[in-house]
Amino acid sequence: MGDSLTAGYGLPHEQGFTTILQQAIDKAGLDAQVLDAGVSGDTSTGALARLDWALGDNPDAAIVELGGNDGLRGQPPAQMEHNIAAILDHLQARHIPVLLSGMVAPPNMGAEYGHAFAAVFEHLSHRPGLLYDPFFLQGVATHEDLEQADHIHPDAAGVRIIVARLMPQVRALIAEARRK
């Protein structure tokens, strides 16, 4: 569940995050199917509103990647925390293991906003049973050779880097889903 980063904005379907993640899962010999619940432009508010729709296929586990659009729109970090916490609560109530991938606020929002934004993910990362990745775009953001022309979204090479970096946690997520 996520925004344009998960939905593969600006990339052909075969180069998007969920497709490349599925290929990596298949290559690793893991028996798991990736369901794409990414919506370009989505904020944490929108994701919370569509959560029941996203859970319609009864997933066994979830990757939650949100916050980028909240930051771009200057949404209050406390509101984002409330929304993501509600999503995590709902998933936990359904016994769905979660990998939460954090986000960093755009630097043009200022240091105070950036610290408050980072504190949201730091706080949420301490939830029991949650797998946590601090920054979805780690290793890709600010590397122009791994970004699309908008300098926000990863290009195909950037997506492959993100997937490779997340795979150890995705393995752990799949293992956790099988234990339940």
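This is a predicted model, so every value here is computed, not measured.

A. Summary view of the overall build of the chain. Along the backbone of the chain there are eight helices and three strands. Each helix and strand of the chain, ordered N terminal to C terminal, gives the series α-α-α-α-β-α-α-β-α-β-α. On the principal axes, the C-alpha backbone points of the chain span a range of 45 × 35 × 25 Å. Per-residue burial over the chain gives 48% buried out of 180 residues. Within the chain, contacts between residues separated by at least 24 positions form 75% of all contacts whose residues are at least 6 apart in sequence. Between the averaged position of the 11 positive side-chain charges in the chain and that of its 22 negative side-chain charges there is a distance of 8 Å.

B. Geometry of the pairing of strand 2 (residues 98–101). Side chains Val98 and Leu100 of strand 2 all project onto a buried face; the interleaved residues Leu99 and Ser101 project onto the opposite face, where all are buried too. The pairing of strand 1 (residues 62–65) with strand 2 spans four bridges and is parallel. Pairing of Ile63 across the sheet is with Leu99, part of strand 2. The pairing of strand 2 with strand 3 (residues 131–133) spans three bridges and is classified as parallel. Considered in strand 3, the bridge of Leu99 is made with Leu131. Crossover strand 2 to strand 3 through helix 7 (residues 111–124) is right-handed.

C. A look at unusual backbone geometry. The phi angle at Asn58 is positive, at roughly 55°, despite the residue not being glycine. You can see Asn58 is positioned in the loop between helix 4 (51–54) and strand 1.

D. Here's a closer look at the packing of aromatic side chains. Scanning the model with the defined rule gives three aromatic pairs in all. On the basis of an interplanar angle of 70° and a centroid distance of 5.1 Å, the ring pair of Phe17 and Phe136 is categorised as edge-to-face. Taken together, the residues Phe17 in helix 2 (residues 17–27) and Phe136 in the loop between strand 3 and helix 8 (156–179) connect sequence positions 119 residues apart. For Phe136, a relative accessible area of 1% corresponds to the buried category. For the pair Phe117 and Phe121, a centre-to-centre distance of 5.8 Å together with 55° between the ring planes defines the contact as tilted. Placement of both Phe117 and Phe121 in helix 7 is noted, with a separation of four residues, approximately one turn of the helix. Taken individually, Phe117 and Phe121 each receive the classification buried, so the pair is uniform in this respect. These aromatic residues form a ring-pair network of at least three members: Tyr113, Phe117 and Phe121.

Criteria and thresholds
Residues numbered from 1 in each chain as written. Predicted model: local features only at pLDDT ≥ 70, side-chain atom pairs only at ≥ 80, totals over all residues. Heavy atoms only, no water. Helix = DSSP H or I, 4+ residues; strand = E, 2+ residues; numbered from the N terminus. Buried < 20%, exposed > 50% of the residue type's maximum accessible area, 1.4 Å probe, protein only. Contact = heavy atoms within 4.5 Å. Lys, Arg positive; Asp, Glu negative; His and termini not counted. Charge placed at Lys NZ, Arg CZ, Asp CG, Glu CD. Pairing = 2+ DSSP bridges. Right-handed = clockwise from strand over helix to strand, strands pointing away. Phe/Tyr/Trp six-rings, centres within 6.5 Å; stacked < 30°, edge-to-face > 60°.

These figures come from the coordinates and say nothing about function on their own.
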